[in-house]
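Single-letter residue listing:
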Amino acid sequence: MELSVLIKKVEDAICQMGLAEDESKVDENGQWILLKNEMPVYMDVWQDTESTPWNYFVYKNDATVFQITIPFTYAPTVKRHEFLQELLIVNLNLMYGKFSFNEKDNATVLSYRISGHTFEPKSLDLIIDALAYYSEMAYHVLKDEFGLKRIHAA
């Protein structure tokens with residue numbers, strides 16, 4: 001899929017959700033930020049420039065990528081291993097997303113990533129709702145046990 005076509009599909013999907021595209025667009029082409037229940041929802045699209053062992057099976061057919069990322073919480077300093085282990089177990093039950101950890105920013109996020117040609121505009125709202133639900137639920141279930149601190153929109 002051409003990157004420009006994927007960008008247009010995402011922009012159309014944002015409009016179908018009742019949001020103004022210019023309110024969600026970031027300075028970079030192919031990047032958007034939405035708010036869902038006061039949580040930042042980052043969306044971006046790009047074209048991979050080379051294949052890796054992790055994308056080899058789709059890279060030659062479609063090098064474009066669509067991704068949603070919702071920062072969930074900062075990882076705890078105490079019982080970090082147990083916290084990350086718990087998220088790996090929870091990942092088995094999630095639809096549309098997965099928990100990931102970015103050590104550089106100490107951020108735990110929920111993410112959804114697909115090959116660009118499989119992006120369906122009509123599913124965007126459902127996927128964002130699912131990720132926001134998981135973020136809220138996991139935070140409230142785990143916050144006391146691990147002393148979690150939310151990541152808020154800047």
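Up top you'll find the structure we're talking about.
Since the model is a prediction, treat every value here as computed from it, not as a measurement. (Residues numbered from 1 in each chain as written. Predicted model: local features only at pLDDT ≥ 70, side-chain atom pairs only at ≥ 80, totals over all residues. Heavy atoms only, no water.)

**Considerations on the side chain of Thr-64**
Then, in step 1: Secondary-structure assignment places Thr-64 in strand β3 (residues 64-74).
Then, in step 2: Within polar-contact distance, the side chain of Thr-64 engages the side chain of Asp-62 at 2.6 Å.
Then, in step 3: Excluding its chain neighbours within four sequence positions, the residues that come into contact with Thr-64 are Met-1, Glu-2, Leu-3, Leu-6, Trp-46, Gln-47, Ile-114, Ser-115, Gly-116 and His-117. (Helix = DSSP H or I, 4+ residues; strand = E, 2+ residues; numbered from the N terminus. Polar contact = N/O pair within 3.5 Å; in protein donor to acceptor, adjacent residues only side chain to side chain. Contact = heavy atoms within 4.5 Å.)

**Details of unusual backbone geometry**
Then, in step 1: Even without a glycine there, the phi angle at Asn-37 is positive, about 50 degrees.
Then, in step 2: Relative to the helices and strands, Asn-37 resides in the loop between β1 (31-36) and β2 (39-47).
Then, in step 3: Note on Asn-37: relative accessible area 56%, which makes it exposed.
Then, in step 4: Of note, Tyr-96 is a non-glycine position whose phi angle comes to about 75 degrees, a positive value.
Then, in step 5: Looking at the element boundaries, Tyr-96 is found in the loop between α4 (80-91) and β4 (98-102).
Then, in step 6: Relative accessible area serves as the criterion here: at 39%, Tyr-96 is assigned to the partly exposed category. (Buried < 20%, exposed > 50% of the residue type's maximum accessible area, 1.4 Å probe, protein only.)

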